[in-house]
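# Coordinate inspection notes
Next come the chains, spelled out residue by residue.
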Amino acid sequence: MAEQTLIIVKPDAVKRNLVEEILSRFKKKGFSISKLKTFNFTVEMAEQFYSVHSSKPFFGELVSFITSGTVVAAIIEGDNVINVTREIIGKTNPKEASPGTIRGDFGTGILENSIHASDSRESFDKEVNVVF
Ligand code: CMP
């Protein structure tokens, strides 16, 4: 079975109608999208999804932002998709993300960075259970 990762197109990008543009970058790279879900995080889901950050000072605003609007989750499949997806999305802070990456092109702030992606197989397993 091909490797899988999970992405979340965040509320800032959904509000600006960037979902198709963002998903197209993964398709153009040759990856396939096996599941797609449009939904709103509840606070409980968000706290579970981001539990690794629960002790960080920004945890409250992170939960508040991700629950602030509709998101689109996708499972992306292909060779080495976890690592390649991290390259496609770019650095966490859009100010540091290179042009050509999703966050470099569309992100407007550290919270409003347009997209989340699993950073490991372990994160994927945990995140997919919260979302799907
Ligand atoms: P994401 O990939 O969704 O994983 C956790 C998120 O926390 C990250 O993207 C950022 O949006 C956010 N984040 C990381 N560092 C900070 C910070 N210093 N202040 C506020 N938000 C942050």
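Per an unreviewed UniProt entry, the recorded name for the protein chain is Nucleoside diphosphate kinase, and the organism is Marine Group I thaumarchaeote. In the Cofactor (unreviewed entry) part of its UniProt record, the protein chain is described as follows: "Mg(2+)". According to its UniProt record, the protein chain has this under Sequence similarities (unreviewed entry): "Belongs to the NDK family."

## Some details on the pairing of strand S1 (residues 4–9)
Most of S1 is tucked away, with six of its six residues classed as buried. Of the two faces of S1, both are covered, the one formed by Gln4, Leu6 and Ile8 as well as the one formed by Thr5, Ile7 and Val9. Alignment of S1 against strand S3 (residues 71–77), held across six bridges, turns out to be antiparallel. Across the sheet, residue valine 9 finds its bridge partner in S3, namely valine 72. Alignment of S1 against strand S4 (residues 115–117), held across three bridges, turns out to be antiparallel. Looking at the pairing, isoleucine 7 lines up with alanine 117 of S4.

## Section: the site of the ligand
The full set of residues close to the ligand is Lys10, Tyr50, His53, Phe58, Glu61, Leu62, Thr92, Arg103, Ile110, Leu111, Asn113 and His116. One of the side-chain N or O atoms of lysine 10 is found 2.7 Å from an oxygen atom in the ligand. Between asparagine 113 and the ligand, the recorded distance is 3.3 Å, taken from a side-chain N or O atom to an oxygen atom. Coverage of the ligand by the protein amounts to 80% of the 460 Å² it exposes when considered alone. Its atoms largely coinciding with the cavity grid, the ligand occupies the largest pocket. Within the shell around the ligand, the residues separate by chemical class into five nonpolar, four polar and three charged.

## As for the UniProt feature "binding site: ATP" (unreviewed entry) in the protein chain
UniProt's feature table lists "binding site: ATP" (unreviewed entry) at Lys10, Phe58, Arg86, Thr92, Arg103 and Asn113, given in the numbering used throughout. Taking the annotated residues in turn, Lys10, Phe58, Arg86, Thr92, Arg103 and Asn113 line the largest pocket. Mapped onto the elements, arginine 86 comes out in helix H5 (residues 81–89). Among residues more than four places away in sequence, those in contact with arginine 86 are Ala117, Ser118 and Asp119. The topology assignment puts threonine 92 in the loop between H5 and helix H6 (102–106).

## Topic: the sheet that holds S3
Taken in spatial order, the four strands line up as S2-S3-S1-S4 in an open sheet, and their pairing is antiparallel. Looking at the sheet topology across the chains shown, the edges are occupied by strand S2 (32–39) and S4. Adjacent strand axes in the sheet meet at a mean angle of 20°, parallel and antiparallel pairs treated alike. Where helix H2 (residues 19–28) meets the sheet, its contacts fall on S1, S2, S3 and S4, and the angle it forms with S1 comes to roughly 160°.

Conventions we followed
Residues numbered from 1 in each chain as written. Predicted model: local features only at pLDDT ≥ 70, side-chain atom pairs only at ≥ 80, totals over all residues. Heavy atoms only, no water. UniProt positions renumbered as here; feature names shortened; annotations may be inferred. Buried < 20%, exposed > 50% of the residue type's maximum accessible area, 1.4 Å probe, protein only. Helix = DSSP H or I, 4+ residues; strand = E, 2+ residues; numbered from the N terminus. Pairing = 2+ DSSP bridges. Near = heavy atom within 4 Å. Polar contact = N/O pair within 3.5 Å; in protein donor to acceptor, adjacent residues only side chain to side chain. Areas by Shrake-Rupley, 256 points an atom, 1.4 Å probe, with all protein chains shown as cover. 1 Å grid on protein atoms, 1.4 Å probe; cavity = no way out; pocket = protein on both sides within 12 Å on 5 of 7 lines; lining within 4 Å. Sits in = over half its atoms within 2 Å of the grid points. Nonpolar A, V, L, I, M, F, W, Y, C, P; charged D, E, K, R; others polar. Contact = heavy atoms within 4.5 Å. Axes fitted to C-alpha atoms, helices over the stretch in contact; angles between N-to-C directions.

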